[in-house]
Amino acid sequence: MEEKYMQMKHLLVALIVLLAIAGTASAATSVDIRSTIIDSTVAGPWTINAMNWAGLYYDLDDNQSTETITITSVGAANPATKLNITYETEPKMIGYEFGNWSYGGSPAKYAIIGFFAEPYVALGKENTTAVGDVKANKIAKLLMDSNDKYTLTTGQALDLGDGYSLVANQIDVNGNKVYLELFKDGKSIDTSIQNSNYTDANNRTWVLTQDVLGEKDMQFFRVQVSQVFQGTSSSLVEIKGIWLVDIASAFEVKTDVDYGKFECQQADATKLEYFAKEIPVGQNTSTELGRGIYLKTPDKTGTTKFYLVKTYTEPGKYEIRSTVNSYGAAATFNYDYKNFATFYYNVNADIDTENMSVAFAGTDGKIAEGDLIYNTTPKKVGYEYGNWTFNGQGGVDEYYVMGLFGEAYVPFNINTTVNSSSTPILKAEKMSKLILDSNDKYTLSTGQTLDLGNGYTVVPNQIDVNGNKVYLEFFKDGKSVDTAIINTDNNSDNQKTWVLEQNLLGEKNVQVMRVHVSQVFQGTESSLVEIKGIWLMDYTAAKELKTDDKFGSFDFTGFTGGKLEFESNKNITVAQDSDIQIANNMYLKSADNATEKNFYFYVMAEVDGSGPTPDNNTTPVQPDNNTTPVQPDNNTTPVQPDNNSTPPTPEKPSFWDQYMWYIIGAVVIIIILAAGGYYYFKVYKPKNS
């Protein structure tokens, strides 16, 4: 038992180290995916599609996209001051991720349609073969299209997202059939018995249809049972192939319904089209066009650039991909912020830091060792809260930042302050992840916790009786780190800012946090503090890079020429349906299509409700609600698939586990008999003889 415990302990330690090196998907209250950056001094019209905006729907396997945005300048202004924006989308037929479903001897397909940068299904019947058989204006959100494998025990629920779940109620005694039930928000939708002995995947598949929006027998659910297992201790079912549409929220797109600035021009069975007219564009523009799509410009005087952003707030994981290329010939491809939206780009400062190149030697998809090259260059940027000045002497204060495999990091700068005239003492090999750089406003009552993300929190413990000062406390994972008293009567924004420094990785006084207090309010019923301006890096997870440190497929080769440089440390082969982890949270994915040989790089971003949520009040309000985000009750993504190709064999219990109670019973009986014999021969018999 001690040996097994030590093995488990060593395995746990190894996993913790691996996770620390590999990194995880970034998590927050929202995810923004931006388009390519457009310079309006270059003559339009400008086209945005799935090739230059990862937010728009794209299917890699079938090389299909459905959405196009065309932008034109209003009048002859150069650069543009107003824009006309046309959005169009139409359904396309694509194959299911589970490729073994067929119809008429060919792979079965369904109609996908991107609708304002989210995947929807144009409703159709089970065996639809052509786009003309579906309705572009009758759509439902695609929840799941999966070829992953899930193993369930009887009675176990598989969460499919948005309140849908699948339960394997029973397995027959012969171990061939399973009784399945589909639920929505805990209410049964339907049941089915599936026989895993059938060789045809279609015959082992449960397909559900329903009358929707006046259309009969619209398909909305498929699940394929690959194996059933009836064991001595447990009953298991293996599922491989799930497709689900949120039929409960299906709706008809109508011409008299607009979305924000987007006015509907066409909504019929073939196409959806919207038009946003004369949208102003200038310095620091942020205009919601509709359904979470924004037009934005830098906060920079005389800017001529603009871009689109899709903001996702629903909990889940979102793929941010690069442009799509083909590995079918010898070629070299280069990536930066323009064609890989996850790479760091500060739009206000017009600064990017990351570059990557990949070279294919031939048509076989091989990337030789050293032919995947990545570098990142630390650069100075201004804080989002722009009123902090350089050492109180004027001039905007700045800090160093760099992207590292798609995530923002802060390299250590040993100067106490940074501005355009200061000479850096940069230790770029030492760094921490940037958690927050915010100009949002948060209003808190005394004792209320502001969640900053990654376990960091700030609490205003007390406000003085005169309503000028606040006593703040900073926590990490519930443990107090430091405290400060901030006086808002000071005129300087620097003096109203708590700057926390720590000694990290052998460096002294490294800035790790800034919190600016804009107002304090001592009322008759409540005490409030207004915070506007927060900057924080994950200093407890600070790390130092050393030459030959490995990051997935990369080796760190050093900090030279102002750049952190990495090269691939092994041969990489891109094949049909590859999904290869490159480094940290960065992956390379290829199509399940041997002919087209398309691929792209991507990272996964996650919305999980963590981090601060700004308020929109211009004056203090009663703090009825805690600003700490509430975790969602239901998981909106399916459970992680397992990697077992056969049903697991239950662990055989030990001899003691099997016969423990029999042994104990026998010992008790022996003790009782021995005690009785002792009493009879040593006490009772001598007494009566």
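Residues numbered from 1 in each chain as written. Predicted model: local features only at pLDDT ≥ 70, side-chain atom pairs only at ≥ 80, totals over all residues. Heavy atoms only, no water.

Enquirer: Please give an account of the overall build of the chain that cites residues and values.
Expert: The helix and strand tally for the chain stands at 2 helices and 54 strands. The proportion of buried residues among the 689 residues of the chain is 46%. Residue pairs in contact within the chain that sit at least 24 positions apart in sequence constitute 55% of those at least 6 positions apart. Accessible surface, the chain as shown: approximately 32,900 Å² in total, 48% of it carbon and sulfur. (Helix = DSSP H or I, 4+ residues; strand = E, 2+ residues; numbered from the N terminus. Buried < 20%, exposed > 50% of the residue type's maximum accessible area, 1.4 Å probe, protein only. Contact = heavy atoms within 4.5 Å. Areas by Shrake-Rupley, 256 points an atom, 1.4 Å probe, with all protein chains shown as cover.)

Enquirer: Before we move on, could you go through the pairing of strand β54 (residues 598-607) and cite the residues and values that matter?
Expert: With 9 of its 10 residues buried, β54 lies for the most part within the structure. In this structure, strand β28 (residues 316-321) lies alongside β54, joined through 6 bridges in antiparallel fashion. Counted as the bridge partner of Arg321 is Tyr602 from β54. The sheet contact formed by strand β29 (residues 325-326) and β54 spans 2 bridges and is antiparallel. In the strand pairing of β54, Asn325 is matched with Phe599. Bridge analysis of strand β53 (residues 586-590) against β54 gives 5 bridges, and the strand direction is antiparallel. Looking at β54, one finds that Leu588 is bridged to Phe601. (Pairing = 2+ DSSP bridges.)

Enquirer: Lay out a nonpolar patch on the surface with the relevant residues and their values.
Expert: Taken together, the side chains of Ile663, Val667 and Ile671 make up a nonpolar region of the molecular surface, amounting to roughly 240 Å² of accessible area. Inspection of the secondary structure puts Ile671 in helix α2 (residues 655-688). (Patch = residues over 30% accessible without salt bridge, like charges linked within 9 Å, V, L, I, M, F, W, Y side chains within 5 Å. Salt bridge = Lys/Arg side-chain N within 4 Å of Asp/Glu carboxyl O.)

Enquirer: How would you summarise the environment of Ser286 if you had to cite specific residues and measurements?
Expert: For Ser286, the position within the fold is in strand β25 (residues 286-290). Each C-alpha atom, one on Ser286 and one on Leu308, is 9.5 Å from the other, the two residues being 22 residues apart in sequence. Beyond its immediate chain neighbours, meaning those up to four positions away, Ser286 contacts Tyr294, Leu295 and Lys296.

Enquirer: With reference to specific residues and values, describe the packing of aromatic side chains.
Expert: Across all of its chains, the model carries 48 aromatic pairs by this definition. Taking the centre distance of 5.3 Å and the plane angle of 45 degrees together, the rings of Phe116 and Phe262 count as tilted. Of this pair, Phe116 sits in the loop between β12 (109-114) and β13 (119-122) while Phe262 sits in the loop between β22 (251-252) and β23 (263-267), and the two are 146 residues apart along the sequence. For the pair formed by Phe116 and Phe262, the shared burial category is buried. An aromatic cluster of three or more residues is present, and its members are Tyr87, Phe115, Phe116, Tyr120, Phe251, Tyr259, Phe262 and Tyr274. Positioned over the ring face of Tyr312 is Lys310, at 5.5 Å from the centre of the ring. Looking at Lys589, its charged tip hangs above the ring of Tyr602, at a distance of 5.0 Å from the centre. (Phe/Tyr/Trp six-rings, centres within 6.5 Å; stacked < 30°, edge-to-face > 60°. Lys NZ or Arg CZ within 6 Å of the ring centre and 35° of its normal.)

Enquirer: Residues and numbers for the sheet that holds strand β33 (residues 354-360), please.
Expert: Note on sheets: strands pair through backbone hydrogen bonds, and any given pair is parallel or antiparallel. Pairing is antiparallel across the open sheet formed by 6 strands, whose spatial order is β30-β33-β35-β50-β49-β48. Only two strands of the sheet have a single partner each, and these edge strands are β30 (331-335) and β48 (550-551). In this structure, β48 lies alongside strand β49 (residues 554-560), joined through 2 bridges in antiparallel fashion. Looking at β49, one finds that Phe551 is bridged to Phe554.

Enquirer: Lay out the pattern of salt bridges in plain terms, naming residues and giving numbers.
Expert: Using the criterion set out here, one finds 18 salt bridges in the structure. In this structure, Lys310 engages Glu118 in a salt bridge whose closest nitrogen and oxygen atoms are separated by 3.1 Å. A residue pair is termed long-range when its members are at least 10 positions apart, and Lys310 in strand β27 (residues 305-312) and Glu118 in the loop between β12 and β13 qualify at 192 residues. Since its relative accessible area comes to 1%, Lys310 is described here as buried. When the shortest N-O distance is used, the salt bridge between Lys149 and Glu238 registers 3.8 Å. With Lys149 in strand β14 (residues 138-153) and Glu238 in strand β21 (residues 235-245), the pair connects residues that are 89 residues apart, well separated along the chain.

Enquirer: Account for the nonpolar core, with residues named and values stated.
Expert: Counting 92 residues, the largest nonpolar core has Tyr274, Phe566 and Phe601 as its most contacted members. Among the elements that line this core, the one with the most residues is β54, at 8 residues. Setting aside its immediate chain neighbours within four residues, Phe601 contacts Ile320, Arg321, Ser322, Tyr335, Phe340, Met356, Val358, Leu372, Ile582, Tyr587 and Leu588. Membership of the second largest hydrophobic core comes to 42 residues, among which are Ala108, Tyr110, Trp206 and Val212. (Core = buried A, V, L, I, M, F, W, Y, C linked by side-chain atoms within 4.5 Å.)

Enquirer: I'd like to hear about the sheet that holds strand β17 (residues 177-184), residue by residue, with values.
Expert: As summarised here, the arrangement of the 4 strands in space is β15-β16-β17-β18, forming an open sheet in which the pairing is antiparallel. Taken across any chain shown, the strands that pair with only one partner, and hence form the sheet edges, are β15 (157-161) and β18 (187-195). With direction set aside, neighbouring strand axes in the sheet form an average angle of 25 degrees. Both β17 and β18 contribute to a ladder of 8 bridges, which runs antiparallel. Across the sheet, residue Leu182 finds its bridge partner in β18, namely Asp190. (Axes fitted to C-alpha atoms, helices over the stretch in contact; angles between N-to-C directions.)

Enquirer: Could you give me a rundown of the environment of Thr81, with the residues and numbers involved?
Expert: By the secondary structure assignment, Thr81 is in the loop between β7 (67-73) and β8 (82-89). Of the residues examined, Thr81 reaches a relative accessible area of 46% and is grouped as partly exposed. Taking the C-alpha atoms as reference, Thr81 lies 8.9 Å from Glu278; in sequence the two are 197 residues apart.

Enquirer: If you had to explain unusual backbone geometry to someone new, which residues and values would you point to?
Expert: Between Gly44 and the following residue, Pro45, the backbone shows a cis peptide bond with an omega angle of 5 degrees. Tracing the backbone shows Pro45 in the loop between β3 (38-39) and β4 (46-49). The phi angle at Asn509 is positive, at roughly 55 degrees, despite the residue not being glycine. Phi at Asn584 takes a positive value of approximately 50 degrees, unusual for a residue other than glycine. Counting through the fold element by element, Asn584 comes out in the loop between β52 (579-583) and β53.

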